[in-house]
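# Overview (structure and organization)
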Amino acid sequence: MNQNVLIVSSSRPGVIMSKISRCKMSNLSPSPPICPKFIAVEDGKHVLRDARDDSIFRLVSYNILAQVYVKSAMFPHSPGPSLKWKARSNAILTVLKSFEADFLCIQELDEYDTFYKGNMEALGYSSIYVKRSEKKKDGCGIFYMNERVQFLLKEEIHYNDLVPSIDDKVTLFEEKSNLSSFTKEKAILPNAGSGGFAIKCYAHVDRGDTNDPRVRLKRDCVGIMAAFKLADPPHQLFIITTTHLYWDPEWPEVKIAQAKYLLSRVKKFRDDVSKKYDCAPPVIISGDFNSLPGSEVYTCMLSGMTSTSEGESQLPLNSLHAFLGGEPALTTCSPDFTGTLDYIFFSDSDSLKPISYIELSGPASSAMSGGFPNYHHPSDHLPIGADFKLFP
């Protein structure tokens, strides 16, 4: 349509100007998503994917923000068009593709069967996935590159499995006994004491007395772990886990219980893999832990201390960024809170070492303005990742 003719012939200039404004906006391409680069540990220079070294693999962990949680009321700071499913899904796919990763560990993964599984298969990835319990729509998944990686076996982690272990007389959450259950949406609320943050305004559903530890532990959170080996050389075997711990800053004890259960499950899985394949595989645990550096959850993960029916055991871990010099200033950013909640933990730095890592934007970056998600960042979290080198 010829807009000049439209302007001349109209007697309602206000309406016409409105139409022109919308047309101009529709012709403006929003800023493309930022595709982070990898920088070398040794010299800090940008690195390209080196396909020649068969002992190196690339792993990225990313909470992509499930579309089911994307409501304009929850993200009033975000540009409306950037929240739409078509825009977000395409932007996330663009970012995922840009990594050229061997492993993509994804949290808040919804639309798995309808979108991500098929689109990632077209890029050469197979995948494993675990959906959250009850009626939740999202879950955790690991996409792995077929040409370079061989999948061996997997186990799911359902933190609701903690519930039957609670005895009627146990009062794990006695210090929280004065808290009443609530059903209304919570505001985004920092709580430095708990080391966790309510990033999205999830609505609580009252499923019983929240002073009962069995009720408090039933949060429908999940994780997934699997044993892999590189296609060449075939003897390089390792374990990758991804998970998403509970979010509520007022319930740190739930996250601590989940972290300890996670460690116990990974330790047992590692022992089983070791016996089955006669090896000692290194371990990587990635995800959104909804906990700050220095929190009890963070400290628990580093110690790797677990308690089982056979007694205490230990799987000491390194945090990727702490190992390289310090945790990043942020992995999530909103008008109310900016901080680090996402981590990649790895064991046995003698057999597995990071040689490069994703360069993260700092708080001063213009792409951070207003908080996430936006056109530059399609999720409310940043992806983190590294190139790991295996040593026999």
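Below or above, wherever it landed, is the structure these notes cover. Just so you know, these numbers come straight off a predicted model, no measurement behind them.

Turning to the packing of aromatic side chains, a few remarks are in order. With the rule as written, the count across this model stands at 24 aromatic pairs. For the ring pair tyrosine 144 and phenylalanine 151, a centre distance of 5.9 Å and an interplane angle of 20° mean the geometry is stacked. Overall, the relative accessible area of 29% leaves phenylalanine 151 in the partly exposed class. When the ring of phenylalanine 346 is compared with that of phenylalanine 388, the centres are 5.6 Å apart and the planes differ by 65°; the resulting orientation is edge-to-face. Linking phenylalanine 346 in strand S18 (residues 342–346) with phenylalanine 388 in strand S20 (residues 384–390), this pair joins segments that are 42 residues apart in sequence. Assigned by exposure class, phenylalanine 346 and phenylalanine 388 land together as buried. Taken together through their ring pairs, the aromatic side chains of Phe57, Phe103, Tyr144, Phe151, Phe228, Phe238, Phe323, Phe346 and Phe388 make up a single cluster. Cation over ring: arginine 58 sits above phenylalanine 38, and NZ or CZ is 3.6 Å from the ring centre. The aromatic ring of tryptophan 251 is capped on one face by arginine 216, whose charged end is 4.2 Å from the ring centroid.

One pass over the structure, following the stated rule, counts 11 salt bridges. Between aspartate 220 and lysine 136 there is a salt bridge whose closest N-O contact spans 2.9 Å. Taken as a pair, aspartate 220 in the loop between helix H5 (213–217) and strand S10 (222–230) and lysine 136 in the loop between strand S5 (125–131) and strand S6 (139–145) lie far apart in primary sequence, 84 residues in all. Between arginine 216 and glutamate 253 there is a salt bridge, with the nearest N and O atoms lying 2.7 Å from each other. Remark: glutamate 253 occurs in helix H6 (residues 252–277) and arginine 216 occurs in helix H5; sequence separation between them is 37 residues. Neither residue differs from the other here; arginine 216 and glutamate 253 are each classed as buried.

As a further point, take the packing of H6 against helix H7 (residues 296–303). Packing of H6 against H7 brings their axes to within 9 Å, and their N-to-C directions diverge by 10°. Between H6 and H7, the interaxial angle falls into the category roughly parallel. Relative to H7, H6 is oriented so that their crossing is right-handed. Where H6 approaches H7, its residues Lys255, Ile256, Ala259, Lys260, Leu262 and Leu263 are matched on the opposing element by Glu296, Val297, Cys300 and Met301. For the contact of H6 with H7, the residue count by class is seven nonpolar, no polar and three charged.

Rules used in this analysis
- Residues numbered from 1 in each chain as written.
- Predicted model: local features only at pLDDT ≥ 70, side-chain atom pairs only at ≥ 80, totals over all residues.
- Heavy atoms only, no water.
- Phe/Tyr/Trp six-rings, centres within 6.5 Å; stacked < 30°, edge-to-face > 60°.
- Buried < 20%, exposed > 50% of the residue type's maximum accessible area, 1.4 Å probe, protein only.
- Helix = DSSP H or I, 4+ residues; strand = E, 2+ residues; numbered from the N terminus.
- Lys NZ or Arg CZ within 6 Å of the ring centre and 35° of its normal.
- Salt bridge = Lys/Arg side-chain N within 4 Å of Asp/Glu carboxyl O.
- Axes fitted to C-alpha atoms, helices over the stretch in contact; angles between N-to-C directions.
- Parallel < 35°, antiparallel > 145°, perpendicular 65-115°, else oblique.
- Left-handed = near helix turned anticlockwise from the far one by under 90°.
- Contact = heavy atoms within 4.5 Å.
- Nonpolar A, V, L, I, M, F, W, Y, C, P; charged D, E, K, R; others polar.

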